[in-house]
Amino acid sequence: MERTFSIIKPDAVKAGKAGAITQHLVDGGLRPVAVKMVHLTQKEAEGFYYVHKARPFFGDLVAFMTSGPCIVQVLEGENAIARNRELMGATDSKKAAAGTIRQKFGIDIEKNAVHGSDAPDTAKYEIGFFFSGAELARLGVTIG
Ligand code: GDP
C-alpha cells in the first residue's frame, strides 16, 4: 500500500466535475483517506509550486490555482503514485490519452483538472503541506 497526494484543481471544481473525478480515481483503485476543500492564497500557491518559480508560466499557474476552491486529498492504493499519474494522463489535457482524467475533464496545459505527486519524497512533502500530523492521526492515516 502506498499513499499519494492529489488536487482536484479550480477549473474542475468550478465545472462540477469533482464527483466524477473522485469516482474515476476510486474505480482506478485509489481510495481517498483524507480530503478537504481549500481556497489557496497567493503565498500558499507560490509555496506549493516553488519548484516552478523560475518557469515563464509560474505567474499564470499561481493565478489559476488561486482562482477558486480546490479539493486536496490523500489517496491510498497499490503503487498509488504511479497509478494516479497513469489515471491523470499527460500534463497537457489536449494531448492526454483518451479516457484519462485530464483528457476527459481538463481544458489545456494549465487548466488540467488534477495534480498528482510524481515521487515518494514529493508525495510526503505535498501531504505535509496541506495536512497536519494531528489531522492525519485523527483519520488513522500514518505517513512514515
Ligand atoms: P504535472 O506534474 O503533470 O502537473 O506537470 P508539471 O509539474 O510540469 O507542471 C505543474 C503544473 O503547471 C501543470 O499541472 C499545469 O497546471 C501547469 N503547467 C505546466 N506546464 C505549463 C505551461 O507550459 N504553461 C502553463 N500556463 N501552465 C503549465
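Look a little higher up for the structure.
Residues numbered from 1 in each chain as written. Predicted model: local features only at pLDDT ≥ 70, side-chain atom pairs only at ≥ 80, totals over all residues. Heavy atoms only, no water.

**Q** Give a description of the overall build of the protein chain that names residues and reports values.
**A** Each helix and strand counted, the protein chain has 8 helices and 4 strands in total. Its helices and strands in sequence order give the protein chain the pattern β-α-α-β-α-α-β-α-α-β-α-α, from N to C terminus. Taken over C-alpha atoms, the radius of gyration comes to 14 Å for the protein chain, in line with the 15 Å a tight globule of 144 residues would show. In the protein chain, which comprises 144 residues, the proportion classed as buried is 45%. Considering only residue pairs separated by 6 or more positions, the protein chain has 75% of its internal contacts joining residues 24 or more positions apart. Summed over its atoms, the accessible surface of the protein chain is roughly 7,400 Å², and 55% of this surface lies on carbon and sulfur atoms. Averaging the positions of the 18 positive and the 16 negative side-chain charges in the protein chain gives two centres separated by 2 Å. (Helix = DSSP H or I, 4+ residues; strand = E, 2+ residues; numbered from the N terminus. Rg over C-alpha atoms; globule rule 2.2 N^0.38 Å. Buried < 20%, exposed > 50% of the residue type's maximum accessible area, 1.4 Å probe, protein only. Contact = heavy atoms within 4.5 Å. Areas by Shrake-Rupley, 256 points an atom, 1.4 Å probe, with all protein chains shown as cover. Lys, Arg positive; Asp, Glu negative; His and termini not counted. Charge placed at Lys NZ, Arg CZ, Asp CG, Glu CD.)

**Q** Could you give me a rundown of the site of the ligand, with the residues and numbers involved?
**A** The immediate surroundings of the ligand are formed by Lys 9, Tyr 49, His 52, Phe 57, Leu 61, Arg 85, Thr 91, Arg 102, Ile 109, Glu 110 and Asn 112. Between the ligand and Lys 9 there is a distance of 2.9 Å, counted from an oxygen atom to a side-chain nitrogen or oxygen. Within the side chain of Thr 91, one N or O atom sits 2.6 Å away from an oxygen atom of the ligand. Contact with the protein chains removes 80% of the 540 Å² of surface that the ligand exposes when unbound. Residues belonging to the shell around the ligand are distributed by class as follows: 4 nonpolar, 3 polar and 4 charged. (Near = heavy atom within 4 Å. Polar contact = N/O pair within 3.5 Å; in protein donor to acceptor, adjacent residues only side chain to side chain. Nonpolar A, V, L, I, M, F, W, Y, C, P; charged D, E, K, R; others polar.)

**Q** Describe the packing of aromatic side chains, naming the residues involved and giving the relevant values.
**A** When we look at a pair of aromatic rings, we describe it by the centre distance and by the angle of the planes. In this structure the tally under the stated criterion is 8 aromatic pairs. Ring geometry for Tyr 125 versus Phe 129: centroids 6.0 Å apart, planes at 55 degrees, classification tilted. With Tyr 125 and Phe 129 both in helix α7 (residues 120-130), this residue pair falls 4 residues apart, about one helical turn. By relative accessible area, Phe 129 is classed as partly exposed at 28%. What links up through ring pairs into an aromatic cluster is the set Phe 5, Phe 48, Tyr 49, Tyr 50, Tyr 125, Phe 129 and Phe 130. If you follow Lys 36 out to its NZ or CZ, it ends over the ring of Phe 131, 4.7 Å from the centre. (Phe/Tyr/Trp six-rings, centres within 6.5 Å; stacked < 30°, edge-to-face > 60°. Lys NZ or Arg CZ within 6 Å of the ring centre and 35° of its normal.)

**Q** Now, about unusual backbone geometry: what can you tell me, with residues and values included?
**A** Despite not being glycine, Asn 79 shows a phi value in the positive range, around 45 degrees. Locating Asn 79 in the fold gives a position in the loop between β3 (70-77) and α5 (80-88). Positive phi, close to 70 degrees, is recorded for Ala 113, a residue that is not glycine. Position of Ala 113 relative to the elements: it lies in the loop between α6 (101-105) and β4 (114-116). The exposure class of Ala 113 is buried, given its relative accessible area of 0%.

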